[in-house]
Amino acid sequence: MTTTNQRLGAASRLERWQRDYAARLFATDLVVIVAAVFGSQFLRFGENAAAQRIAEQSISYTLVSLVLITVWMVALDLFATRDHTIIGAGSTEYRRLVDATIRVFGILAIVAFLAQSQIGRGYVLIALPGGLLLLLASRWAWRQWLVRRRAAGRYSRRVLLVGERAKAAHVAQQMGRAPTGGFRIVGAVTDHGSVDHDLGEGIPVLGGFANVLDALEESDADTVIYAGSDLVHPEQLRELGWDLEERQISLVMAPALVDVAGPRIHATPVAGLPLIHVDYPRFVGRKYATKRVFDLVVASLALLLLSPVFLVLTVLVRRDSAGPAFFAQERVGLNGTTFRMLKFRSMVDDAEGQLPGLLDKSDGNDVLFKLRSDPRVTRVGAVLRRYSLDELPQLVNVIRGEMSLVGPRPPLPREVERYGRAAERRLLVRPGITGLWQVSGRSDLSWSDSLRLDLFYVENWSLTGDVIVLARTVRAVLSSRGAY
C-alpha cells in the first residue's frame, strides 16, 4: 500500500503542476481575449459602444462580442493550445494559437456572410490582430516564467531513462542541451545494470532491466523514457507499460531520430505496430515561396524605417577611421553560389591584409576564425559588433535574393572548402541575417553546436519558427552575449 501511495503521489504532483499551469494560461487567455474584443468594440464605436447594433438588425455588438469571446476560448481548447506536451518549448504552442484564432475569425466571416450581417470591418480588423498579438505576448511571458521555474528544478517531469547504455547516454546528452524543456533525468536503468558507473551528465545508474520498478521507487520518478534495447522483448515492454499504467507513470518512447521536428513525424498503426513515418525536407515549393515573400516585405519595411539609422551609422563609421562606410565580403550562399555580403565596416580599411598574421590566435571554433579582442576592430566598430548593427546592410542582400532574414550563418569560401557532407547541407537554403546560432550563443558556440543548429533549421524550417527566431534575436542582440 505504501508503495502504491508513493507512486500515486509522484503522478499526482505531475498532474497538479500541469493543471495549475493550464489554469494560469486559461485565466490569462480569457483576460486577453475580453480586453481585445471589448477594446476593439470601444475603439470602433466610442462611448456608445455598448448600445451599438449591427446595421439593419437588432443584434447588439455586445452580444456579438460575448459570442466571439466564447467561441475563441473554445477554439483555444479544441486546438489543445494549453496541452502539457507542447508548453515551455518549441513553436507548436504558438502555431496552434495562430491556427485557432484564424479559424475563429474565418467562421465569423462565414456566419456574417450567410446571415447577411454588416459587421463593422474596423471592429474585426482591430480584434483579430490585437487579440492574437496579446495572446502570443502573454504566452511568451508565461513561458519565460516557466523557464525560470524549470531552471530551479520545478515544474518538470522526473525522468527515469531505460535502455541500452549507449542509447540511454545519447538521449541524456541530447536532452541535456535543453535543460528548460521540462524533463529532469534523475536516474537510469541500463543493460549491464552496474551502479558503479554513472551514465554521464551526473545521472546515476540504478540497476538493470529487471529492476525498473525498484528504480522508480528509489528515484521517485513520474515518467519513464524508453531509449531502446535489443535485450528487451516486445512482450516485456508491453508488461512494463501495464505496470506503469497501474502506477500512473507516463511512458515516453525515444526513437533514434536526431533533430527531426514534430511536423515531419507521422505515426501510422499497422497490425498493432505504431510505425513512424519521417517526411524528408523539401527545399522548393509553396512553402519557400511564402518565405521569400515574407523576407521581401519585412526587409523592405525595415530598410524604409531604418534609413535614418543607416545615415547616422554611415557618418559615424566614416568619421571614426579612414575608409568606406560599407564593407563587402565574398560569402557562399544557396547551392554553393557566391555573393558579396554587405556590412557596415567595423575594422580598419586594410583588415584583410592583416588577417594572415592573426590566424594562429583564433578564439573561434575549429572552422570559424574569431578574436575576442581583435586589434583590427575600430572604436565605433566594437559598438556595432556588440549590438550586431554592422549586419543591417544585409537587408539589401535579402531584397536581392542572396540571403534570407533567418537561415544558417553565411560561410566564407575558405570555410566551405573544409566542409564535410553534413556541413554541405547548410547550403541547401539561403543564409540568414540571423538564425538559431545567433540566438543560442553566437561566437561562443563550438563548431559542432553551430552545425547542429544550422542543420536543424535547414530540415525543419517553418514561418512561425522564423518569427520566433526574429523575436529572440532582439533579446540576444540586447544581451550581446557571444558577440565579438
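A few points on the structure.

Reading the values: rules and limits
Residues numbered from 1 in each chain as written. Predicted model: local features only at pLDDT ≥ 70, side-chain atom pairs only at ≥ 80, totals over all residues. Heavy atoms only, no water. Helix = DSSP H or I, 4+ residues; strand = E, 2+ residues; numbered from the N terminus. Buried < 20%, exposed > 50% of the residue type's maximum accessible area, 1.4 Å probe, protein only. Areas by Shrake-Rupley, 256 points an atom, 1.4 Å probe, with all protein chains shown as cover. Bend = angle between axes of the 7 residues up to and from the residue. Core = buried A, V, L, I, M, F, W, Y, C linked by side-chain atoms within 4.5 Å. Contact = heavy atoms within 4.5 Å. Pairing = 2+ DSSP bridges. Axes fitted to C-alpha atoms, helices over the stretch in contact; angles between N-to-C directions. 1 Å grid on protein atoms, 1.4 Å probe; cavity = no way out; pocket = protein on both sides within 12 Å on 5 of 7 lines; lining within 4 Å. Points joined across faces, edges and corners; volume = space filled by probe spheres on them. Nonpolar A, V, L, I, M, F, W, Y, C, P; charged D, E, K, R; others polar. Salt bridge = Lys/Arg side-chain N within 4 Å of Asp/Glu carboxyl O. Phe/Tyr/Trp six-rings, centres within 6.5 Å; stacked < 30°, edge-to-face > 60°.

### Re the overall build of the protein
No. 1: A tally of helices and strands in the protein yields 15 helices and eleven strands.
No. 2: Looking at the protein residue by residue over its 484 residues, the buried ones come to 42%.
No. 3: Carbon and sulfur atoms make up 59% of the accessible area of the protein, which totals about 25,600 Å².

### Observations regarding helix H8 (residues 286–320)
Since there are 3.6 residues in each turn of an α-helix, residues three or four apart along the chain are aligned in direction.
No. 1: Its maximal kink placed at Leu306, H8 deviates by approximately 55 degrees, while the proline Pro308 follows within four residues.
No. 2: Every buried residue belonging to H8 is among Tyr288, Lys291, Arg292, Asp295, Ala299, Ala302, Phe310, Leu313 and Val317, and all of these are buried.

### A short note on the nonpolar core
No. 1: Counting residues in hydrophobic clusters, the biggest one holds 22 residues, and the most contacted among them are Leu395, Val398, Met403, Leu405 and Ile433.
No. 2: Listing elements by their share of this core, those giving two or more residues are H8, strand E9 (338–344), helix H11 (394–400), strand E10 (404–406), helix H14 (447–460) and helix H15 (463–479).
No. 3: Apart from residues lying up to four places away in sequence, Leu405 is in contact with Phe294, Asp295, Val298, Ala299, Leu395, Val398, Gly432, Ile433, Thr434 and Leu470.
No. 4: The next biggest cluster of nonpolar side chains, apart from the first, holds 19 residues, and it includes Trp72, Met73, Ala75 and Tyr123.

### Describing the sheet that holds strand E2 (residues 183–189)
No. 1: Within the open sheet, the five strands sit side by side as E3-E2-E1-E4-E5. Their pairing is parallel. Strands with a single pairing partner mark the edges of an open sheet, and in this sheet they are strand E3 (205–207) and strand E5 (250–253). Strand-to-strand, the axes of this sheet are offset by a mean angle of 35 degrees, without reference to chain direction.
No. 2: Here strand E1 (residues 157–163) pairs with E2 via six bridges, running parallel. Looking at E2, one finds that Leu161 is bridged to Ala188.
No. 3: Of the strands in this sheet, E1, E2, E3 and strand E4 (223–228) are in contact with helix H5 (residues 165–176), which crosses E4 at around 120 degrees.

### Here's the deal with empty space enclosed by the protein
No. 1: Per the counting criterion, the structure on display carries one cavity of 30 Å³ or more.
No. 2: Counted as a void, the largest cavity has a volume near 30 Å³.
No. 3: Every residue lining the largest cavity is listed: Val332, Pro408, Arg409, Pro411, Arg426, Leu427, Val429, Arg430 and Pro431.
No. 4: Classifying every residue of the lining of the largest cavity by side-chain character gives six nonpolar, no polar and three charged.

### Description of the side chain of Ser65
No. 1: Within the secondary structure, Ser65 is located in helix H2 (residues 61–78).
No. 2: Since its relative accessible area comes to 0%, Ser65 is described here as buried.
No. 3: For Ser65, the contacting residues outside a window of four places in its chain are Val37, Phe38, Gln41 and Tyr123.

### Regarding the environment of Val189
No. 1: Turning to its location among the elements, Val189 is positioned in strand E2.
No. 2: Here the alpha-carbon distance between Val189 and Leu161, two residues 28 residues apart in the chain, equals 6.1 Å.
No. 3: When sequence neighbours within four positions are dropped, the list of residues in contact with Val189 reads Leu160, Leu161, Val162, Gly163, Gly207, Gly208, Phe209, Val212 and Ala215.

### Some details on the pattern of salt bridges
No. 1: Counted according to the given criterion, the structure contains 16 salt bridges.
No. 2: A salt bridge links Glu93 to Arg139, with the shortest nitrogen-to-oxygen separation between them at 2.8 Å. Of this pair, Glu93 sits in helix H3 (residues 92–114) while Arg139 sits in helix H4 (residues 121–151), and the two are 46 residues apart along the sequence. As far as the burial class goes, Glu93 and Arg139 line up, both buried.
No. 3: Among the charged side chains, a network of salt bridges with common partners joins Asp29, Asp77, Arg82, Glu93, Arg139 and Arg143.

### Let's talk about the environment of Gly336
No. 1: Positionally, Gly336 belongs in the loop between strand E8 (326–332) and E9.
No. 2: Residue Gly336 is classed as partly exposed on the basis of its relative accessible area of 36%.
No. 3: Counting along the chain gives 88 residues from Gly336 to Glu424, while the straight-line C-alpha distance between them is 8.6 Å.

### A few points about the packing of aromatic side chains
No. 1: Using the criterion set out here, one finds nine aromatic pairs in the structure.
No. 2: Between the aromatic rings of Tyr21 and Trp142, the centroid separation amounts to 6.2 Å while the plane-to-plane angle is 85 degrees, which identifies the pairing as edge-to-face. Here Trp142 lies in helix H4 and Tyr21 lies in helix H1 (residues 2–45), a separation of 121 residues in the sequence.
No. 3: Residue classification places Trp142 among the buried residues on the basis of a relative accessible area of 18%.
No. 4: Their ring planes at 85 degrees and their centres at 5.2 Å tell us that Trp145 and Tyr155 sit as a pair that is edge-to-face. Here Trp145, found in helix H4, pairs with Tyr155, found in the loop between H4 and E1; they are ten residues apart in sequence, far enough to count as distant.

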